[in-house]
Structures are given as structure tokens and as C-alpha cells.
Amino acid sequence: DEETTIQIKRLQGTLRLASAERVRDEIWKMLGTDKPAQAIDDLQKLGLLGYVLPEISALVGVEQSYPHYQDTYHHTLQVVQNSVQIRNWIKGQQVTEKGPAQTAWQQALEPLRARLRYHFAHPLAVGHARADWLVWHALLYDVGKPAVRTAESQPGGSVRYRFLEHEATGAALTTQRLTQLRFNRQEVALAEAVVQGHMRPHLLHNAFAGQTISRRARYRFFRDVGGKQFEHPAGVETVLLALADYLAIHKETPPDWSAYLRHMVELLSFAFDEDGLQEVHRQPLLDGHTLMTQLHLAPGRQVGQLLAAVLEAQAAGEIQNREQAIALAAQLAAEKIA
């Protein structure tokens, strides 16, 4: 209704009086619908987005370079909608978007669907399903771009935009906003980890073009993205966000979509398979006490570094028993590599 729209715009400043908890709960409801991108865009058109999520409003008009075809704001809205499809598919709800690209990711992830559902069955807070956070991550992951954007003139008069270290800036802004909205510490930590690590799946895909991602690289991905503070690793959310992001970069199906999906499945499989991340965390070949006893080491930083190096070698499949683990630790200690 036009009169209602006028009144909303006239009273928009009164949002400053709303409690953080009320704002949080209303946005949570919006993002839990099947059309959260439309809800966010309605907030923007009504002049409300800058009051409740100023970092998202700041994305409007921030141009990006090829292969992106949309500015950062509209690209983010597309990633949000892609994440809705992934969220609904995991939950067993209807997926409304149709087409070859959507069919391809569903077929690729189908063997992992039960394990994905189990992963997301563990809430981070009462009333906040973990799967619903996929949409929040999609909304927030690029908020660091406006602050770090640089423009470089190219031959022919074109401009290339760069967003170096936008992940770190975005993670800090995400932490700040979610803390202000009174989300709990675990929810904030998960979102921060996902935003900080969202480029890593893309980089792994490029680094291992035409080949399988190595076990060592897969282990490093989940280790570096985070997960020690969670029973279930944050890297799973990061992979699904990257999938939603990659699909939104191109107007049509990405040219290497099949290869990208294979790489994302390799990462997710490593997280869930018995001989992957679970085995490394459940049955490390070496512990600190054994290491110190065998190598006559005093407690200290070196012990932690040696254990980390041995654990990585175990994940890579380079060592299979305690004797090999001790031998590797002794070698590293002697070479002062660790």
C-alpha cells in the first residue's frame, strides 16, 4: 500500500529505538523464509537496511570485475537465494530453482545428504537451526569488500577492481554486527570462521585444476578454517557457501561447474568419511606425553609444533602407525623444521 510505504519511510529513524534482540529476531524470521533476498531488498528500498544491517546497505553499487556480472549487493542477494536452495534441499524441503546447474549440485551432493543433514541437526542456540545459518553466512560473507576495494586502470580504458584481504575485514565486521545483535558466542565464532575462510575452496579448486585435491590440502583446509571449538567442522558450511557463491558469479552455468562440484565433494567427503577428518581427530597416532617421553623433550611450544606436523602427515596418509609417527617427529626435531 502506497500510504503504508510513505509512513514506513517517514518513521524509518525510529528503528534506532528498537532493541538489538528485536532487530535480530525479525531479521532471523526474514532470512528463514523462501525469499530472504526479496526481504533484504525491500528493507533497502524502504530505507531501513542501513539502520539494521549497514554493512549490507554499503554493498549497493560496489562494482566488481569479470567474471562477475553484478555489483556486490546484487551478487550477494543471488548467493543468499542459492543458499536457500541448499538449505531447503538439506532439510528435505522443496527446491524451487530449476535448471542444469541446480540439478548438477543436487546430484553431486546426494550421496552426502544424510551426513549433511546430521551435521546441521545440531543447533548452535535454542531456536536457531544450524542450517538456517547458511543464509546468514551468504548475506555477510562479502561485507569486507567496500572497505578494501581498489581500482586499477587497464589497457583499453577498462577498470579492474581488486578486494585484497576482504575476508579478514569481512570477518571482523561480521563479528561486530552479530555481537551487537546479541547472538551467542558460538554462533558468532562460526560465522566469523566461515567468512574468514570463504575464498579457500575457490583457491583449492584453482590450485588442483584437473586433479584431485590432495589429502594434505583437504586436512589443512578444515584445520585452518576452524572446527576445534565445534563438534562439527566449520569447513562444511564454508564449502556450501563457496558453492552458492561460485554458482552466482556467472550468469549461466559456470563453465567448469562439474569440476568445481567434484572438488567440493572431495572436501565434504574428507569431513565425513571414516578414513578422513574423523579418523585423524579420533585416533591420532601420537600424543604429547608419548612424544616427550620418546624424544626426551620438555613441555613447550616445540611439542605442539611436532604434534601438529605429525597429525598433518597422518591426515595425508604418509604415516600409518605410532612407530612411523615417532620417527617422523624425531626427524623433524633433529632438522629443527618444527
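Peer 1: Please give an account of the side chain of H198 that cites residues and values.
Peer 2: Relative to the elements of secondary structure, H198 occurs in the loop between α12 (185-197) and α13 (200-207). For H198, the side chain forms a polar contact with the side chain of H166, separated by 3.1 Å. At 2.7 Å, the side chain of H198 forms a polar contact with the backbone oxygen of V195. Apart from the residues lying within four places of it in its own chain, the contact partners of H198 are Y141, D142, H166, E167, T238, L241 and A242.

Peer 1: Please give an account of the pairing of strand β1 (residues 150-153) that cites residues and values.
Peer 2: By the bridge criterion, four bridges tie β1 to strand β2 (residues 159-162) in an arrangement that is antiparallel. Counted as the bridge partner of T150 is R162 from β2. Linkage of β1 to β2, two consecutive antiparallel strands, is achieved through a turn of five residues, within which G156 is found at a positive phi near 95 degrees.

Peer 1: Requested: an account of unusual backbone geometry, with residues and values cited.
Peer 2: Cis geometry marks the peptide bond from Y66 to P67; its omega dihedral reads 15 degrees. On the secondary structure map, P67 appears in the loop between α5 (54-57) and α6 (72-91). One non-glycine residue with positive phi stands out, namely E165, at about 65 degrees. Note on placement: E165 falls in the loop between β2 and α11 (166-180). Take E165: its relative accessible area is 57%, and that puts it in the exposed class. Residues other than glycine seldom take positive phi values, yet R182 does so here, at roughly 65 degrees.

Cut-offs applied
- Residues numbered from 1 in each chain as written.
- Predicted model: local features only at pLDDT ≥ 70, side-chain atom pairs only at ≥ 80, totals over all residues.
- Heavy atoms only, no water.
- Helix = DSSP H or I, 4+ residues; strand = E, 2+ residues; numbered from the N terminus.
- Polar contact = N/O pair within 3.5 Å; in protein donor to acceptor, adjacent residues only side chain to side chain.
- Contact = heavy atoms within 4.5 Å.
- Pairing = 2+ DSSP bridges.
- Buried < 20%, exposed > 50% of the residue type's maximum accessible area, 1.4 Å probe, protein only.

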